[in-house]
Amino acid sequence: MPSPSSATLTIDLDALAHNFGVLRGHAGAAEMAPVVKSDGYGLGAGPVACRLWAEGARSFFVARLSEGEALRQSLGPGRAATIYVLDGLPTGAGARLATAKLTPILTSLPQVAEAQALAAQAGGLHVGLHVDTGMNRQGITPDEARALAQAPDRLAPLDVGLVMSHLGSATDPEDPRNAAQLAKFETIRALFPVARASLAASAGIFLGADYRFDMVRPGVSLYGGGPEERPDPRLKAVATLDAPILDIRNIAAGEMIGYGSKTVVEIPTRAAIVAAGYTDGVIRMAKGRAAAWFAGALRPVLIVNMDLIAVDIGNAPARPGERVELMGPHAQIDELAAAAGTVAHECLVRMSARAERVYLGAI
Ligand SMILES: *Cc1c(COP(=O)(O)O)cnc(C)c1O
């Protein structure tokens, strides 16, 4: 039951499983390796990964070493998943990686050297290799990859089980950079014929069969964000943020609402004051553009303060205690993200501070 007095973040694990199935349907024969970094996009990496394991996922990606350690704990001894760490092998992290049985995705030549030293001690080490095909963010260069592949003694005794790269423009299927990155990646993966290959995140899965390779790494679309940064009717909302109305106020034309003169109402306005704010994760910049769902309609969000949000409810019958959906199946996450000038990923990871969490569906 939602708390009568505060914002509630409801995480629907059945909707997560639905989205996993939708993406798997588009992934062809590629393995689905969910990305559960940033605590499962703010929704709880433990429950999210355990449910996805039940749906058949056997490999997961996190960003940080500490996230991998926490995920290994949450999965427990009964779920022996492969956990890839996108940060790779930070200096001196070998022992921690080994203890938590994490697989580093090496991202630079110094990391490759450190991994070789570790592997020499341990008699082998399973790693992945991130090759930059155009994002200029993470990964060794194609030239560095070529040099490594041509000097196999430099790689031994590493067991490079995965070669991966990441697309920078996949949310726009028309962007020619996608094909350019794909072509580069195809050349590179051919240098490592034994390793599996992975290029696509959520958006890449929808670019076509060429982009799927052996493994796909969906994140945001598992959690309900559309692959093209707009609502996708095939996906279900996994996270719903709602909060009760505290008060209903009539504001005369020309009066301000909340802070300052920027939020003067031009016409008489009936506003529901809702018990949620940016503390609960609604991005403040969404004010004036976002819509909240109440009494069967989307209604303008007038202000987002720390603890209070005002929603223009027009003539809708309303009473304190009734709940307003700020994000969810109606106030869709991609719309909220656009209103706040950001992406669904950020809306999700912000949903963490104060809102009470409720999980629906089996873990
Ligand atoms: C975050 C991330 C993903 C997942 O991206 P989504 O857009 O959330 O699907 C996949 N691969 C890498 C390297 C990432 O950093």
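Please refer to the structure placed before this passage.
Residues numbered from 1 in each chain as written. Predicted model: local features only at pLDDT ≥ 70, side-chain atom pairs only at ≥ 80, totals over all residues. Heavy atoms only, no water.

A.B. asks: What is the right way to look at the side chain of T8 in this model?
C.D. replies: When you line up the elements, T8 lands in strand β1 (residues 8-12). One polar contact links T8 to R323, side chain to side chain, over a distance of 3.0 Å. (Helix = DSSP H or I, 4+ residues; strand = E, 2+ residues; numbered from the N terminus. Polar contact = N/O pair within 3.5 Å; in protein donor to acceptor, adjacent residues only side chain to side chain.)

A.B. asks: Even after reading the chapter, I still don't get empty space enclosed by the protein, so can you show me in this structure?
C.D. replies: Over the atoms a probe the size of a water molecule is rolled, and this reveals where empty space is left. A complete count under the given rule lists 2 cavities of 30 Å³ or more for this structure. Of the pockets and cavities examined, the largest cavity occupies roughly 40 Å³. Lining the largest cavity are H130, V131, D132, T133, M135, R137, Q138, S165 and H166. A breakdown of the residues in the lining of the largest cavity according to their chemical character gives 2 nonpolar, 5 polar and 2 charged. Taken as a whole, the second largest cavity spans an internal volume of roughly 40 Å³. Considering the residues around the second largest cavity, the lining is formed by Y223, G224, A237, V238, A239, M327, G328 and I333. Split by residue class, the lining of the second largest cavity holds 6 nonpolar, 2 polar and no charged. (1 Å grid on protein atoms, 1.4 Å probe; cavity = no way out; pocket = protein on both sides within 12 Å on 5 of 7 lines; lining within 4 Å. Points joined across faces, edges and corners; volume = space filled by probe spheres on them. Nonpolar A, V, L, I, M, F, W, Y, C, P; charged D, E, K, R; others polar.)

A.B. asks: Where do I start with the pattern of salt bridges in this structure?
C.D. replies: Pairing of side chains with opposite charge becomes possible as their charged atoms draw close. If you walk through the whole model with that rule in mind, you get 15 salt bridges. Taking the shortest distance from any N to any O, the salt bridge between E31 and R196 comes out at 2.7 Å. One end of the pair, E31, is in strand β2 (residues 31-32); the other, R196, is in strand β8 (residues 196-198), and 165 residues separate them in sequence. By relative accessible area, R196 is classed as partly exposed at 32%. R96 is the salt-bridge partner of E69, the closest N and O atoms lying 2.8 Å from each other. Residue E69 is found in helix α4 (residues 65-75), and its partner R96 is found in helix α5 (residues 94-99); the two are separated by 27 residues along the sequence. Residue E69 is classed as partly exposed on the basis of its relative accessible area, which comes to 24%. With a relative accessible area of 42%, R96 lands in the partly exposed category. Residues participating in the shared-partner salt-bridge network are D14, R51 and E55. (Salt bridge = Lys/Arg side-chain N within 4 Å of Asp/Glu carboxyl O. Buried < 20%, exposed > 50% of the residue type's maximum accessible area, 1.4 Å probe, protein only.)

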